[in-house]
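# Understanding the architecture of this molecule
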Amino acid sequence: MEKRELTCIGCPMGCTVTVEMNGGQIVNVTGNTCKIGDTYARKEVTNPTRIVTSTVIVEGAPMTRLPVKTAADVPKSDIFRVMDVINHTRAKAPVRIGDVIIENVADTGVDVIATRNIA
Amino acid sequence: MKDYEIVIVGGGPAGLAAALSAKEAGCDSVVILERDSVLGGILNQCIHNGFGLHTFKEELTGPEYAARYIDRVLEAGIDYKTDTMVMDIAPDKTVTAMNRTDGMFTIHAKAVVLAMGCRERPRGALNIPGYRPAGIYSAGTAQRLVNIEGFMPGREVVILGSGDIGLIMARRMTFEGAHVQCVAELMPYSGGLKRNIVQCLNDYDIPLLLSHTVVDIDGKDRVRGVTIAEVDEKNKPIPGTEVCYPCDTLLLSTGLIPENELSREAGVEMHPVTGGPTVNESFETSLEGVFACGNVLHVHDLVDYVSEEAVRAGAHAAAYCLGNVRASRKEDTITVRATGGARYTVPSTVQCDRLGDLLTIRFRVGAVYKDAYVSVYLGDERVTHLKKRVIAPGEMEQVILKKEQLTAHEGLKEITVTIENE
């Protein structure tokens, strides 16, 4: 039986979660204090994912940068491909929170959306 | 200038939540005075996610979290003035402020809510030898440059201090193509949240050098490198352990200090540990009718707790204006004492009859404790004995007591929060 200790990043509590594995199969998850921790631990040992947050250039606004995020988590290994697309994107004001800025970013199946209202 | 019953100083998360709460508690005469040109405070530059899990049960970025409150403030029709600097708060709650359209003006408030937030500890406070070249930034300044202004402060980066903003910026700079060589931390533990060490440093193989500090900065016009050395138990650099890191940028994330110039001028009693005002159960300072919440009171890790405290401060400010509170009485005051590892508590005093159903006491510890207990004593009786796997200075702790527990203890004078090994 293999044991892996993780720090859950689901929220700032940072619970220490232990995953027991047997030949690549998850046998048990302990130490989490909510469901997010269980989901995180199972994903982290099989296919780790992260939400990516960054900014894109915005035109026609009082400020030059619009903050954005991936609408869902993307595989960790795709983060820099996602960043590359984000860095080559320009948005136009007005923008509302949740507006899709990039569809299906870097073929991850996930959209990049605005996280700030800009009139 | 129109007079208001409640003046809220600062339009960040604390000020916004306090204003909403004051309005909901029945006070229609509320104004927020904000120094920046927009509401939202520092959340606007915190574009990373992880905000609001407690409050909204979903994971938001800083600007999204701020927008939820800004939208509600606008809907509620609460007045606010941006680009407005508060110059003075007099003990009689006359607030003097100025901006470009109104000039200098005064508001004769019945209650004031202090919500000014905090500032970063600057290089000048760290006694780092070496020149003063360009390329040395506080982590929050770098965060503003990258996320709001759209400038990269540098390409080869060393970070001193493992506060959360430094950790967040390690990842952010990496995303934008910079190379972060290491994060050096003077203490033997990190000052930031565990989750940030995992997702900002470990994810990108950025080493965290505990018990290390910067002993020299090289470069005359621009940073060319920094020398990092290991330190002993007394935080003194150990000769022979120096390593030079060639770099063009040094970010400092060495602590946050509540911004209390206005509070001090007003004559508010300050807490020697938090650097913020001492407050009672109603978040009221030593000046009757002056309340404090958010990072101006004590520096938080979670904005959710800021909002929660601000809601209470705002509601109490409204109750005070409406005449629904009796004045505090010295003979009924219970002192909350932090000892045995706990460094401070918020609140510092409690008056039972002004309490809601629950009393939340928040505190921080001065060192890392493993498998230790958070204990609370009412007088000599231990009422809380909570086992924790880890208690660390970087993470704020809390205990919650029921009002009945306090009232059942007749003649209670002191509540003690302490860390025990067994």
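I will try to describe carefully the structure that is included in this document. (Residues numbered from 1 in each chain as written. Chains lettered and ligands numbered in written order. Predicted model: local features only at pLDDT ≥ 70, side-chain atom pairs only at ≥ 80, totals over all residues. Heavy atoms only, no water.)

## Focus on the packing of aromatic side chains
One pair of aromatic rings is described through two measures. These are the centre distance and the angle between the planes. What counts here: Any pair of Phe, Tyr and Trp rings, taking the six-membered ring for Trp, is counted once the centres come within 6.5 Å. Such a pair is stacked with planes under 30 degrees apart, edge-to-face with planes over 60 apart, and tilted for the rest. What counts as a helix is a DSSP run of H or I of at least four residues, what counts as a strand is a run of E of at least two, and both are numbered from the N terminus. Charges are assigned to positions over rings by a cutoff of 6 Å between ring centre and Lys NZ or Arg CZ, combined with an angular limit of 35 degrees from the ring normal.
A complete count under the given rule lists 7 aromatic pairs over all chains for this structure. Relative to Y204(B), the ring of F80(A) lies with its centre 6.1 Å away and its plane at 90°, an arrangement referred to as edge-to-face. Placement of F80(A) in helix α2 (residues 79–87) and of Y204(B) in the loop between α6 (194–201) and β14 (208–210) is noted, with the two residues assigned to different chains. Ring pairing ties together the aromatic residues F80(A), F175(B) and Y204(B), which thus form one cluster. In this arrangement the basic side chain of R68(B) is found over the ring face of F56(B), its NZ or CZ atom lying 4.8 Å from the centre. The side chain of K81(B) reaches across the aromatic face of F105(B), ending 5.8 Å from its centre.

## Side note on the sheet that holds strand β1 (residues 6–9) of chain B
Residues and elements named next belong to chain B. We apply this condition: When DSSP finds two or more bridges between a pair of strands, those strands are recorded as paired. Fitted lines through C-alpha atoms give the axes, limited to the stretch in contact for helices. The angle between two N-to-C directions lies from 0 to 180 degrees. Any pair of residues with heavy atoms lying within 4.5 Å of one another is described as a contacting pair.
With parallel pairing, 5 strands are arranged side by side in an open sheet as β5-β2-β1-β9-β20. Since the sheet does not close on itself, it has two edges, and those belong to β5 (79–81) and β20 (290–292), each with one partner. Shown here is a sheet whose adjacent strand axes are inclined to one another by a mean of 20°, direction ignored. Where β1 meets strand β9 (residues 111–114), 4 bridges bridge the pair, whose relative direction is parallel. Looking across to β9, one finds that V9 is bridged to L114. Those strands touched by helix α1 (residues 13–24) are β1, β2 (30–33) and β9, and its axis lies near 175° from that of β2.

## Re empty space enclosed by the protein
What counts, and what does not: Cavities and pockets are defined on a 1 Å grid built over the protein atoms alone: a cavity is a set of grid points where a 1.4 Å probe fits but cannot escape, while a pocket is an open set with protein on both sides within 12 Å along at least five of seven lines, and lining residues are those with an atom within 4 Å of any such point. Grid points are joined across faces, edges and corners, and a volume is the space filled by probe spheres set on the points. In this count, Pro and Cys sit with the nonpolar residues alongside Ala, Val, Leu, Ile, Met, Phe, Trp and Tyr, while Asp, Glu, Lys and Arg are called charged and the others, Gly among them, polar.
Applying the stated criterion to the full structure yields 3 cavities of 30 Å³ or more. One number sums up the size of the largest cavity: a volume of about 60 Å³. Forming the walls of the largest cavity are T53(A), I47(B), H48(B), Q143(B), N147(B), I168(B), M169(B), R171(B), R172(B) and F175(B). Mapped onto the lining of the largest cavity, the elements with two or more residues apiece are α4 (139–149) and α5 (164–175) of chain B. Broken down by element, the residue count for the lining of the largest cavity peaks at 5 residues, all from α5(B). Among the residues making up the lining of the largest cavity, the classes are represented as 4 nonpolar, 4 polar and 2 charged. Its volume calculated, the second largest cavity comes out at about 40 Å³. Every residue lining the second largest cavity is listed: S282(B), E284(B), F291(B), H316(B), Y320(B), V325(B) and R354(B).

## Some words on the interface of chain A and chain B
For the record, the criterion: The rule for a salt bridge is simple: a side-chain nitrogen of Lys or Arg has to be within 4 Å of a carboxyl oxygen of Asp or Glu.
Residue-level contacts link 31 residues of chain A with 33 residues of chain B. Inspection of the chain A/chain B interface yields 4 salt bridges. Where the side of chain A that touches chain B is concerned, the elements lending two or more residues are β1 (2–7), α1 (35–46), β5 (53–59), β6 (65–70) and α2 of chain A. Among the elements that take part in the side of chain A that touches chain B, α2(A) stands out by supplying 4 residues, more than any other.

## Structural notes on α1(B)
The condition is simple: One less than the number of residues in a helix, times 1.5 Å, gives the span that helix is expected to have.
Here α1(B) spans 17 Å end to end across 12 residues, near enough to the 16 Å set by a 1.5 Å rise per residue. Phi for G26(B), located one or two positions after α1(B), is positive at around 110°.

## Some thoughts on the layout of surface pockets
Think of a ball as big as a water molecule: rolled over the atoms, this probe shows where empty space is left. Of the pockets and cavities examined, the second largest pocket occupies roughly 990 Å³. Together, 35 residues line the second largest pocket, and M13(A), G14(A), K194(B), V390(B) and E395(B) are the ones closest to its centre. Breaking the lining of the second largest pocket down by element, the ones donating at least two residues are α6, β14, β26 (381–391) and β27 (397–402) of chain B. Ranked by residue count, the leading element in the lining of the second largest pocket is β26(B), at 4 residues. Its residues assigned to classes, the lining of the second largest pocket comprises 17 nonpolar, 11 polar and 7 charged.

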